[in-house]
Amino acid sequence: FRFSRASYLLSLLRPHIYEDLELKKHGLKVYMREHYAFTPLLEKGVGGKPPRSLLLGTDLAKNQQEIGKFSEKDAKVFPDYLAHLEKLACAIHPLLDAPPVDIPGMTQGSLRKRIVAMKSLKPVVKSGLKLGQNIPDFYELVTAPIMKVLNRWFESEPLRATLATDSVIGANTSPSSPGSGYVLLHHVMGELEKEKGAWGYVEGGMGAVSKSIANSASSLGADIFTEQEVQQVLIGSDGSAKGVVMKDGTEVHSKVVLSNATPHVTFKQLTPQDALPQEFITAINQIDYTSPVTKINGLVIQVFSSGTHNTIAVDKLPNFLAAPNTADGKPGPHHQCSIHLNCESVEVLEAAYREGQQGRPSSRPMLEMTIPSVLDPTLAPPGYHVVSFFTQFTPYFLEGGRAWTDIDREKYANTVFDWVDCYAPGFKDSIIGKDILTPPDLEREFGLTGGVFPLYYYLKGLISIVLAVKSNIFHGAMSLDQLYLARPLPSISSYCSPIKGLYICGSGGHPGGGVMGSAGWNAALTVLADLKRQ
């Protein structure tokens, strides 16, 4: 079996990075999804019919038919909504592919340097020209609660709630919170195989993305060392970064060091504290890393149980009341989707959020369920499937500041599976194994506490790159106060740090996370420009 233990879908990886690194050549294969969202309703069917559901995919006419089951008005305006959202998403692309505006450069130094720094305004101008008269709409979307926008467009609850899930996924926010509109925009501005907004499954799991990047790097002369723990950034007598010190005491020297770890790990755990200004350390301590996510992965097998008079078969795929499986047991269109459970109304999402803020795992959590093995046969043997749950809202500390125990994990997992059983009876009995990752587990399992980093790049004495992950999937909350010029802090939004030669290149920098690659691309451009000036 192969699991994508953390990330589980690909979309936001910037196309020019995909092409520049020749990732297809180096093994990256993606399975496109014809249908991308399935929201079954927890209700009794009428007249012998199954409960209603909403299935959305790449066919716009079929989407309108699905939405028309709930509202003809919504079905009519849905194409206009998609076109509007795409226009706003495309306009932000120039901002993703370049460092933020160089405010210090434009306001300090010689006139010549200020003029050169003004080139950093070019992406902003490009975005502004693309937006045109839609600038007010863009401003509203990124600052407003998403429900303010969705309520203006739509009236049917299942459609509004399904769309609203993109505004909270991975974020400790609710659809009624200001700034949730930007989180939605962040999740729809991707592109896969030239299809705007598409998400797909990576063959072999999401680790294959890292593997293809590693293959590309190796072909260009990079040396990659796995399971090598970086203990500290090496600071020279002149106060600049000179490489890294490994846990075993080995020193690796380089002209610059790029850290893909979170800003907190980079500057609080890896960098000698006496090399940093105290006010900078204080600011680093204030970065918000709150994560509401618990990830659950499971194995499902076709199970037969014999009784005195009958044989009961539990399908190897979830058998949803709203979309019963066919007699041949083949996957339906909905099985390849992101399956949204407990998402048929916005109030259900809001209630789940409120419980999480009170230190209690949601009693009716928001569930995004995916079954990648439906499209990717490399993940599981015949007759088996791997299932992934991205669940919200779960706090880092439980009520009263209590840490999670194994009993708490099992209790929450059972809550998740019990809710799945409400929509697809028999699912819980088909599980033969599971992997539960609460917020502190995500932090610990991916080597953040204690300075453990699973991957280390060394580019022939030139650049050292340290990589890691944070329990917050974006390496820091994607709130309005931590975006663009303020990501991760106003003083280091250019990927540079107070230490010459030390840069951040991970999702903690602009424009954030989501298996996008933009922060690394932009940081690399910054490093190359700095090396050229030396």
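Here, the structure is the one placed above.
Residues numbered from 1 in each chain as written. Predicted model: local features only at pLDDT ≥ 70, side-chain atom pairs only at ≥ 80, totals over all residues. Heavy atoms only, no water.

1. Focus on the environment of Pro 425
Then, number 1: Assignment of secondary structure puts Pro 425 in the loop between helix H16 (406-423) and strand E18 (431-437).
Then, number 2: Taking relative accessible area as the criterion, Pro 425 reaches 46% and is therefore assigned partly exposed.
Then, number 3: A C-alpha to C-alpha distance of 7.7 Å links Pro 425 and Leu 321, two positions 104 residues apart in sequence.
Then, number 4: With near-sequence residues (within four places) excluded, Pro 425 lies in contact with Asn 319 and Leu 321. (Helix = DSSP H or I, 4+ residues; strand = E, 2+ residues; numbered from the N terminus. Buried < 20%, exposed > 50% of the residue type's maximum accessible area, 1.4 Å probe, protein only. Contact = heavy atoms within 4.5 Å.)

2. Let's talk about the packing of helix H3 (residues 72-91) against helix H11 (residues 180-188)
Then, number 1: For the pair H3 and H11, the least separation of the axes is 10 Å and the interaxial angle reads 85 degrees. By the angle class used here, H3 and H11 are roughly perpendicular. Here Tyr 81, Leu 85, Leu 88 and Ala 89 of H3 come into contact with H11, specifically with Leu 184, Leu 185 and Val 188. (Axes fitted to C-alpha atoms, helices over the stretch in contact; angles between N-to-C directions. Parallel < 35°, antiparallel > 145°, perpendicular 65-115°, else oblique.)

3. Regarding the nonpolar core
Then, number 1: Counting 55 residues, the largest nonpolar core has Tyr 81, Ile 92, Leu 150, Leu 159, Tyr 182, Leu 185 and Met 189 as the members making the most contacts within it.
Then, number 2: Those elements that provide at least two residues to this core are strand E3 (53-57), H3, helix H4 (93-96), helix H8 (135-143), helix H9 (146-153), helix H10 (157-164), H11 and helix H15 (346-357).
Then, number 3: Top contributing element to this core by residue count: H3, with seven residues.
Then, number 4: Beyond its immediate stretch of four places on either side in the chain, Tyr 182 contacts Ile 92, Leu 141, Val 142, Met 189, Met 478, Leu 483 and Pro 511.
Then, number 5: Phe 38, Phe 389, Tyr 412 and Ile 431 belong to the second largest nonpolar core, which has 28 residues in total. (Core = buried A, V, L, I, M, F, W, Y, C linked by side-chain atoms within 4.5 Å.)

4. Quick notes on the sheet that holds strand E10 (residues 251-253)
In a beta sheet, neighbouring strands pair by backbone hydrogen bonds and run either parallel or antiparallel.
Then, number 1: Taken together, the three strands give an open sheet; going across it, the order is E8-E9-E10, and neighbouring strands pair in antiparallel fashion. Each edge of the open sheet is held by one strand with a lone partner, namely strand E8 (230-235) and E10. Averaged over all neighbouring strand pairs, the angle between strand axes comes to 25 degrees, with direction disregarded.
Then, number 2: Here strand E9 (residues 241-246) runs beside E10; their pairing, made up of three bridges, is antiparallel. Pairing of Gly 243 across the sheet is with His 253, part of E10. (Pairing = 2+ DSSP bridges.)

5. Let's talk about the layout of surface pockets
Then, number 1: Of the pockets and cavities examined, the second largest pocket occupies roughly 1300 Å³.
Then, number 2: As for the second largest pocket, its lining consists of 33 residues, and the residues nearest its centre are Asp 102, Ala 117, Ser 120, Ser 494 and Arg 533.
Then, number 3: For the lining of the second largest pocket, the leading source of residues is helix H18 (residues 518-533), giving five residues. (1 Å grid on protein atoms, 1.4 Å probe; cavity = no way out; pocket = protein on both sides within 12 Å on 5 of 7 lines; lining within 4 Å. Points joined across faces, edges and corners; volume = space filled by probe spheres on them.)

6. Focus: the pattern of salt bridges
Two side chains with opposite charge may pair up if their charged atoms get near one another.
Then, number 1: Tallied over the full model, the rule gives 21 salt bridges.
Then, number 2: Among the salt bridges present, the one from Arg 364 reaches Glu 344, with a minimum N-O distance of 3.5 Å. In this pair, Arg 364 is assigned in the loop between H15 and strand E16 (366-370) and Glu 344 in the loop between strand E15 (338-341) and H15, connecting sequence segments 20 residues apart.
Then, number 3: Given the relative accessible area of 23%, Arg 364 is considered partly exposed. (Salt bridge = Lys/Arg side-chain N within 4 Å of Asp/Glu carboxyl O.)

As far as function goes, none of this settles anything; it's purely spatial.
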